[in-house]
Every structure is written in structure tokens, then in C-alpha cells.
Amino acid sequence: MLNRADKSAGFAIGAALVLFFIGGTLTTVIPPLVDKSWGRPFENHDPSKGPTGKLRPYTELEKHGLAIYTREGCWYCHTQQTRTLVADTKRSGWRGVDSPISTPDEFVYDQPHMFGTKRTGPDLSRVGGKYNTQWHRTHFRNPRDLTPGSVMPPFPWIANDEGEFQALLAYIQRLGRAKDWRPDGDYEQ
Amino acid sequence: MPEGRVAPVGAAAGQTAQQGLHTDTTAKWFLLSSIAYFFIVGIVALTIAAKFVWPELLGTVPYLTYGRLRPLHVNGMLFGWLLPCDMAMVYFIVPRLCGVKLWSEKLGVATAALWNVIVLGAVVMLPAGLNKGLEYAELPTSLSVLVVIAWIMFGINIFGTILTRKYEQMYVSIWYIMGTILWTAFVYLTGNFATQFTTGVNQANLNWMYVHNAVGLIFTPVGLAVAYYFIPRASTQPLYNHRLSMVGFWSLSFVYVWTGAHHMLHGPISQWLQTIAIAFSLMLLIPVWAVVWNFFGTMKGQWHQLRDNVPLKFLMSGTVFYLLTCFQGPMHSLRTVNAIVSKTDWIPGHAHMALLGCFSFFAIAGAYYVAPRLWRTELHSDALANWSFWFFMIGGLGFFVTLWLGGFWQGWQWNNPAIPFIDTVKALHPVWLVRFCSGVLMFCGIVSFAYNIMATVVNRREEHA
């Protein structure tokens with residue numbers, strides 16, 4: 001059979017496409033049909049099933065924030081996923097509380113998704129409510145003022161533009177909040 | 001010729017008869033533009049490496065912030081340098097393997113012009129912050145549409161040539177080129193357009209399918225097509241084994257596409273899909289080893305040629321990097337290894353070994369081999385070409401090795417939550433300094449390579465003036 005592909009371009013093309021499409025469809029079209037959690041927003045009222053809470057769509061302000069986050073390439077340095085590793089639950093957690101693991105239903109409104117591939121800076125999947133407005137303003141102006149040794153770039157054009165700053169802040173403070181995971185609503189404004 | 005061995009042309013005797021048949025205008029344009037972008041984007045690459053050492057460098061200029069230059073670096077190298085250089089090779093190889101003229105030289109030149117519009121568009125739009133927000137698919141939709149059009153023009157031209165070929169038997173490179181053109185069409189549409197209609201994990205899954213296959217089903221097959229052609233050509237040896245090349249090609253076409261989800265191991269994506277991705281990632285060893293065995297077999301008894309054959313030096317070290325990078329890949333997909341190296345600086349080390357160490361080395365070898373033939377002259381300087389090899393080699397090794405060591409160390413520290421995050425950042429400062437210095441060496445490689453090719457072209461003009 002393979003010898004035929006040697007001489008007939010049509011046969012080679014057909015075979016190469018068929019082989020490709022088997023894996024292509026099974027791994028892209030089928031999974032969201034099988035695993036419904038990819039498309040259903042997070043909602044849980046039963047404490048015995050983990051953190052309770054509800055995912056709501058983005059507000060206009062938060063959408064603007066996500067657009068800034070996309071534009072400035074924050075996602076090349078920050079991931080947004082607490083993986084199934086103990087170290088991740090500790091590192092994304094703060095003030096002594098471990099972060100719950102990220103689940104697909106927390107991300108259904110994300111367009112574009114911001115999972116990321118590289119952690120030059122810390123994971124941001126549970127950063128919402130960790131710091132207050134003043135902290136973020138100072139940090140965006142120059143990260144090294146707060147964290148010496150940081151390699152995060154300064155973003156003065158965001159810190160000095162109130163509209164952009166508020167939008168980005170609204171987005172950051174929302175991250176990871178669908179799962180209401182902190183005891184006694186311990187979140188910063 | 002021992003049984004099973006094939007020469008990279010339907011009829012070896014046809015070679016001399018082909019002299020003067022090919023005008024190669026398209027190949028020339030693609031080659032020269034790709035080398036120009038290699039140089040320009042090389043400067044961007046050095047700048048972002050420098051920003052890790054001096055984070056405030058150019059820090060007040062929005063257009064030059066790290067998060068906007070990084071996509072320019074990645075897209076510029078992939079779609080400005082490597083892909084067009086590979087396309088130049090395809091425009092050179094296919095007519096020769098088919099024994100006919102390129103189907104349409106005019107269409108080819110139009111494709112080259114359109115390609116330049118795309119790359120220049122990216123050079124303006126990405127620093128302006130126009131970014132789709134998906135890795136490797138950053139180009140704004142307007143440019144992605146142009147890419148699709150250019151790709152169709154490329155496909156028509158190459159398939160047109162193949163269908164009018166004089167030799168019935170198609171050499172391995174032709175299968176890989178046909179595969180590249182077709183798979184790329186679907187992979188690119190998925191990554192750039194299907195993703196626009198999905199969100200969250202679903203979108204991420206399509207995104208990783210695209211990212212993985214941009215390397216696996218675009219740069220790998222076209223890079224191997226180039227290597228399959230130039231290794232026998234540069235060493236004047238017939239290819240070791242035809243059957244082995246079939247095993248490599250057909251296993252690649254089946255196995256590669258399954259593995260996208262290995263980019264989200266331990267992440268919020270279905271466990272069963274992660275397991276499938278791991279299983280198929282391990283199977284990737286089959287197409288890789290088949291190819292590498294074939295290339296090494298071709299060199300049997302001929303290794304002495306490496307001493308002063310520069311294209312062959314690039315080709316064979318590219319093959320070694322291919323073997324290594326494709327050993328790393330499957331290993332990263334094992335859950336235990338992944339828990340350490342994933343998301344660390346190890347990963348850029350791995351990615352650069354694939355796209356610089358392997359596929360750019362193949363493309364550079366091709367450029368050194370075809371430039372004198374395209375312009376019917378001698379290479380400007382063999383000594384300089386040799387220097388460029390050592391710049392790339394030493395710079396590349398410095399880059400890969402420090403990032404692996406640094407990345408592994410980083411991952412090890414992350415897994416101990418008692419270490420504050422910022423200490424793991426500080427620990428990498430020396431690693432990033434060495435990375436920058438290695439980058440300077442690689443940039444010297446780019447400059448000496450680009451200068452050599454340009455001088456070859458210009459000298460030839462002078463001879464005729």
C-alpha cells in the first residue's frame with residue numbers, strides 16, 4: 001500500500017489527510033462533547049463538594065481589563081491555573097489558606113483564555129483580593145519598589161491612566177473568585 | 001548503489017539536463033527576505049533577553065515593553081525567518097525533484113510580495129499591542145486571513161508543479177512538502193479561526209493543538225523535507241534507506257496531532273485527555289528515530305566530510321539536536337518529569353533547541369547550499385561560513401544548557417513552597433545573564449551568515465557589471 005503512495009500524489013494526499021483527521025477530530029471535537037464541565041459555568045452550593053460560589057460573566061470594565069492584560073502580554077509571564085500539585089495549592093494560596101485546584105468550569109467566559117505556559121512571575125489564578133488598590137498602583141508603576149529583585153516590567157502608562165488602571169484592577173481582583181475559597185470573606189478591595 | 005538506497009532525484013542523470021531550466025526568481029525573493037527578517041528579529045530577540053537582566057530597559061515606552069516584543073520575536077522568527085526560508089527551499093527543491101519548471105514563477109513572486117506585507121504588518125501591529133491573545137496565533141485576524149491566502153497561492157504553485165512532474169516516483173521530500181501544505185492549512189485554521197468561536201478550556205485545547213502542530217506538522221515536515229534533500233546532496237551520498245523514510249513519514253502523519261493536551265498536564269483539563277496526550281507523546285519517538293537513523297545511515301563512512309563541509313556541519317548537528325529535542329519532548333510529558341520542568345525556563349531551552357538548533361540549522365544549511373547555485377557563483381567566503389557555524393553552535397549550546405540547568409533548579413525550588421517565590425526569581429538572575437551573552441554569540445552567527453549570503457549576491461552582480 002505504501003508503495004502506491006510513492007507514485008500517486010492523489011493517494012499520498014488522501015492517506016496523509018485521513019491519518020491526520022483521525023487524531024485531529026478525536027482530540028479536538030469530541031472532548032468538549034464528552035466532558036460537559038468545559039462549557040458549564042462553575043456553580044456549587046454544597047460545602048461538602050468543595051468551595052462554594054458561582055461564576056458570573058465579565059462586566060464591561062473587567063472585559064476592558066482582560067483586553068489590557070492581553071495587549072501587554074502579562075500572560076507570557078503569568079499562568080492562571082492552580083494545578084493538581086501540592087506546591088501549586090500552597091503557592092497560589094495566601095495568608096495560610098491553600099488554594100483550591102482550578103477546574104474547567106471556572107473559565108468558560110474566558111476569551112481569550114489566559115492559562116499561560118510560563119511562570120516568570122507567580123501564578124495569578126487566585127490573586128483576586130490578595131492585594132489592595134494602592135499596592136497594585138505602586139506595583140505597576142515600578143515592581144521593584146515593592147519586590148526588590150523582580151524582573152516584571154514597569155507599566156507607568158497604565159498606572160498613570162486612571163481608566164486603564166481601574167479596568168485592569170477590576171480584572172485582577174476578579175481572578176479566582178468564582179470559588180469563594182477564603183474564610184470569612186477575607187479579600188482586599 | 002546498495003539495495004534500498006535512493007538518490008534524491010527521480011533520475012540522477014536528469015540533473016545536468018536541468019541546467020538552465022529553472023529561473024528561481026521566487027526562491028531568491030523568499031530567501032533574501034527571510035534572511036533580512038532573521039537579522040531584524042534577531043535584534044528584538046537580544047532586546048528581550050536583555051530585559052531579563054535589566055528589567056527597566058526601555059521600560060517607559062509602551063511599544064517596546066517585554067509583553068509586546070516577545071510575540072514579535074516568536075512570530076518574527078517563525079513566520080518572518082524560518083517559514084519563508086523553508087519556502088524558498090521548497091521553491092528550489094520541488095521543480096528539481098520533478099524535473100520541470102515551477103508551475104508559475106509569477107504567482108510565486110506575488111506570494112513572496114504578499115508574505116512581505118504580512119511580516120511587515122506584524123512588525124507594526126504587534127508592538128502596537130494588537131494581539132489575539134493566543135500563543136503562536138497572536139497575529140491580528142486581518143493578517144491571519146492574508147496568511148491563509150498566501151498559503152493557498154503557495155499550495156497551488158507547488159501542487160501544480162508536482163502534478164506536472166516528469167518523474168513518476170516521488171522522493172521523500174515531496175511527501176513531506178505535500179503533507180506540510182495540507183496539514184498546515186487545517187492546523188492554521190484551527191489555531192487562528194476555530195479558536196475565535198470557543199472559550200476557556202475548549203479554546204485552550206484548540207490553541208495547544210495548534211501550537212504543538214505548528215512545530216510538529218509545519219516546521220517538522222518542511223524541515224525534514226529540506227534535510228532529506230540536502231543531506232544526500234551535500235554529502236553526495238544516496239539516502240540510506242527508502243523503507244525507513246516511509247515509516248518515519250506515515251507514523252508522523254498519524255501520531256503528531258494527538259498530543260496537544262500535554263501542554264496542560266496537571267492543569268484544568270480532563271484527565272483522560274491528558275493520558276491520551278502522554279501516550280501519543282511517547283509514540284513520537286518512532287517517527288523521530290526512523291528519520292535520525294536514516295540520516296546517520298546516509299553518513300556511514302562519510303563522517304570525515306564534516307571537517308570542511310559547512311552545510312553538512314549544520315545538517316548533522318541539526319540532526320543531533322532533533323534527536324535530543326524530540327527525546328526531551330516525550331520525557332516532559334511524563335507526569336513526574338512534568339511536575340518539575342513545566343512552566344520553567346527549561347521550556348524555552350527546549351523550544352529553542354527545536355526551532356533554532358534543529359530546524360534553523362537545516363534552513364541555514366539549505367541557504368548556504370542554494371545561494372551560490374541560485375546566483376550561479378561561488379559562496380563569498382567559506383571561512384566566514386565556518387565562523388557562523390561556531391557562533392551558532394557555541395551560542396546555542398550556551399543558551400540551551402544554562403536554561404535547562406536553571407529551569408530544572410527553578411522547578412525544584414517551586415516544589416518546595418517554603419522558598420518564597422521572589423527568591424526563585426533572584427536565583428535565576430545569573431542564568432539570564434548567561435542567556436543574554438549566548439544570545440550575543442548567536443546574533444554574531446546571524447550577522448556573519450546574512451553578510452555572507454548578501455555578499456555572495458552582490459559580488460555576483462559586480463562580476464557581471
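Model, not experiment: these values are computed from the prediction. (Residues numbered from 1 in each chain as written. Chains lettered and ligands numbered in written order. Predicted model: local features only at pLDDT ≥ 70, side-chain atom pairs only at ≥ 80, totals over all residues. Heavy atoms only, no water.)

1. Some points on the overall build of chain B
Next, step 1: Each helix and strand in chain B was counted, giving 16 helices and 0 strands.
Next, step 2: Against the 2.2 N^0.38 benchmark of 23 Å for 465 residues, chain B shows a C-alpha radius of gyration of 22 Å, consistent with a compact globule.
Next, step 3: Projected onto its principal axes, the C-alpha coordinates of chain B cover approximately 70 × 50 × 45 Å.
Next, step 4: Counting the 465 residues in chain B, one finds 67% classified as buried.
Next, step 5: Partitioning the contacts of chain B with sequence separation of at least 6, the portion at a separation of at least 24 is 83%.
Next, step 6: Accessible area for chain B stands at about 16,000 Å²; split by element, carbon and sulfur atoms hold 71% of it.
Next, step 7: The distance from the centre of the 24 positive side-chain charges to the centre of the 15 negative ones in chain B is 5 Å. (Helix = DSSP H or I, 4+ residues; strand = E, 2+ residues; numbered from the N terminus. Rg over C-alpha atoms; globule rule 2.2 N^0.38 Å. Buried < 20%, exposed > 50% of the residue type's maximum accessible area, 1.4 Å probe, protein only. Contact = heavy atoms within 4.5 Å. Areas by Shrake-Rupley, 256 points an atom, 1.4 Å probe, with all protein chains shown as cover. Lys, Arg positive; Asp, Glu negative; His and termini not counted. Charge placed at Lys NZ, Arg CZ, Asp CG, Glu CD.)

2. Things to note about the pattern of salt bridges
Side chains that differ in charge, positive against negative, can pair when their charged atoms come close.
Next, step 1: The full count for this structure, using the stated rule, is 20 salt bridges over all chains.
Next, step 2: The salt bridge involving Lys63 of chain A is made with Glu60 of chain A; its shortest N-O contact spans 3.6 Å. Here Lys63 of chain A and its partner Glu60 of chain A are both found in helix α4 (residues 60-71), 3 residues apart, which amounts to about one turn of the helix.
Next, step 3: What makes Lys63 of chain A partly exposed here is its relative accessible area of 44%.
Next, step 4: Here Arg119 of chain A ties to Asp88 of chain A by a salt bridge, and the two come within 3.0 Å at their closest N and O atoms. A residue pair is termed long-range when its members are at least 10 positions apart, and Arg119 of chain A in the loop between α5 (86-92) and α6 (133-141) and Asp88 of chain A in helix α5 qualify at 31 residues.
Next, step 5: Classification of Asp88 of chain A by relative accessible area gives buried; the value is 5%.
Next, step 6: Overlapping salt bridges, with partners in common, bring together Arg71, Glu72 and Glu164 of chain A together with Arg68 of chain B in one network. (Salt bridge = Lys/Arg side-chain N within 4 Å of Asp/Glu carboxyl O.)

3. A closer look at the nonpolar core
Next, step 1: The biggest cluster of nonpolar side chains holds 198 residues, and the ones touching the most others in it are Leu31, Trp81, Trp115, Ile158, Phe230 and Phe449 of chain B.
Next, step 2: Residue-level mapping places this core at the junction of two domains, with at least three residues from each of domain 1 (2-34) and domain 2 (49-174) of chain A.
Next, step 3: Discounting chain neighbours no more than four positions away, the residues touching Ile158 of chain B are Val90, Tyr91, Val94, Leu102, Ile177 and Ile181 of chain B. (Core = buried A, V, L, I, M, F, W, Y, C linked by side-chain atoms within 4.5 Å. Domains from an automatic or database assignment.)

4. Focus: the layout of surface pockets
Next, step 1: Reported here for the largest pocket is a volume of approximately 1,000 Å³.
Next, step 2: Every element with two or more residues in the lining of the largest pocket is listed here: α5, α6 and α9 (162-174) of chain A together with α2 (25-53), α3 (66-98) and α15 (421-427) of chain B.
Next, step 3: In terms of residue class, the lining of the largest pocket is built from 25 nonpolar, 11 polar and 9 charged.
Next, step 4: The volume enclosed by the second largest pocket comes to roughly 400 Å³.
Next, step 5: Lining the second largest pocket we find 17 residues, and of these Asn309, Pro311, Tyr368, Leu379 and Asp382 of chain B sit closest to its centre.
Next, step 6: Looking at the lining of the second largest pocket, the elements with two or more residues in it are α11 (310-332), α13 (346-374) and α14 (382-414) of chain B.
Next, step 7: The greatest single-element share of the lining of the second largest pocket, amounting to 4 residues, is contributed by α13 of chain B.
Next, step 8: In terms of residue class, the lining of the second largest pocket is built from 8 nonpolar, 3 polar and 6 charged. (1 Å grid on protein atoms, 1.4 Å probe; cavity = no way out; pocket = protein on both sides within 12 Å on 5 of 7 lines; lining within 4 Å. Points joined across faces, edges and corners; volume = space filled by probe spheres on them. Nonpolar A, V, L, I, M, F, W, Y, C, P; charged D, E, K, R; others polar.)

5. A word on the interface of chain A and chain B
Next, step 1: Taken together, the 72 residues of chain A in the interface contact 86 residues of chain B.
Next, step 2: Between chain A and chain B, roughly 6,800 Å² of surface is buried when both sides are summed, and carbon and sulfur atoms account for 66% of that area.
Next, step 3: Of all residues in chain A, Phe20, Tyr76 and Arg91 of chain A bury the most surface against chain B, accounting for 12% of the area lost on that side.
Next, step 4: A salt bridge links Arg68 of chain B to Glu72 of chain A; the shortest N-O distance between them is 2.8 Å.
Next, step 5: Counting only elements with at least two residues in the side of chain A that touches chain B, the list comes to α1 (2-7), α2 (9-28), α3 (30-34), α4, α5 and α8 (156-159) of chain A. (Buried area = accessible area lost by both parts, 1.4 Å probe.)

6. Quick notes on the packing of α3 of chain B against helix α7 (residues 200-235) of chain B
All names here are of chain B.
Next, step 1: Interaxial distance between α3 and α7 falls to 10 Å at its minimum, and their mutual angle equals 40°. In terms of orientation, α3 and α7 fall into the oblique class. The element α3 and its partner α7 pack so that their crossing is left-handed. Residues Leu78, Phe79, Leu82, Leu83, Asp86, Met89, Val90, Phe92, Ile93, Arg96 and Leu97 of α3 form the contact with α7, whose participating residues are Tyr210, Ile218, Phe219, Val222, Gly223, Ala225, Val226, Tyr229 and Phe230. (Axes fitted to C-alpha atoms, helices over the stretch in contact; angles between N-to-C directions. Parallel < 35°, antiparallel > 145°, perpendicular 65-115°, else oblique. Left-handed = near helix turned anticlockwise from the far one by under 90°.)

7. Section: the confidence of the model for chain B
All names here are of chain B.
Next, step 1: Confidence in the prediction of chain B, expressed as mean pLDDT, is 94, and 95% of residues score 70 or more.
Next, step 2: A low-confidence stretch, residues 10-14 (pLDDT under 50), is modelled with 4 contacts involving residues beyond four sequence positions or located in other chains.
Next, step 3: We note a pTM of 0.95 for the whole complex and an ipTM of 0.96 for its interfaces. (pLDDT = per-residue confidence, 0-100.)

8. Describing helix α9 (residues 271-283) of chain B
Next, step 1: In this model, α9 of chain B (13 residues) spans 19 Å end to end at C-alpha, consistent with the 18 Å of a helix rising 1.5 Å per residue.
Next, step 2: Restricting attention to buried positions, one finds in α9 of chain B the residues Leu273, Gln274, Ala277, Ile278, Phe280 and Ser281 of chain B. (Expected span 1.5 Å × (residues − 1).)

9. Overview of the side chain of Asn213 of chain B
Residue and element names in this part refer to chain B.
Next, step 1: In this fold, Asn213 is placed in helix α7.
Next, step 2: Judged by relative accessible area, which is 0%, Asn213 ranks as buried.
Next, step 3: Leave out the neighbours within four places in its chain, and Asn213 touches Val187, Ile218, Tyr256 and Val257.

10. A closer look at unusual backbone geometry
Next, step 1: At the junction of Gln111 of chain A and Pro112 of chain A, the peptide bond is cis and its omega measures out at -5° in the coordinates.
Next, step 2: Here Pro112 of chain A lies in the loop between α5 and α6.
Next, step 3: One non-glycine residue with positive phi stands out, namely Tyr136 of chain B, at about 70°.
Next, step 4: Mapping Tyr136 of chain B onto the fold places it in the loop between α4 (105-125) and α5 (141-163).
Next, step 5: For Tyr136 of chain B, a relative accessible area of 12% gives the class buried.
Next, step 6: Its identity is not glycine, yet Thr236 of chain B carries a phi of approximately 50°, on the positive side.

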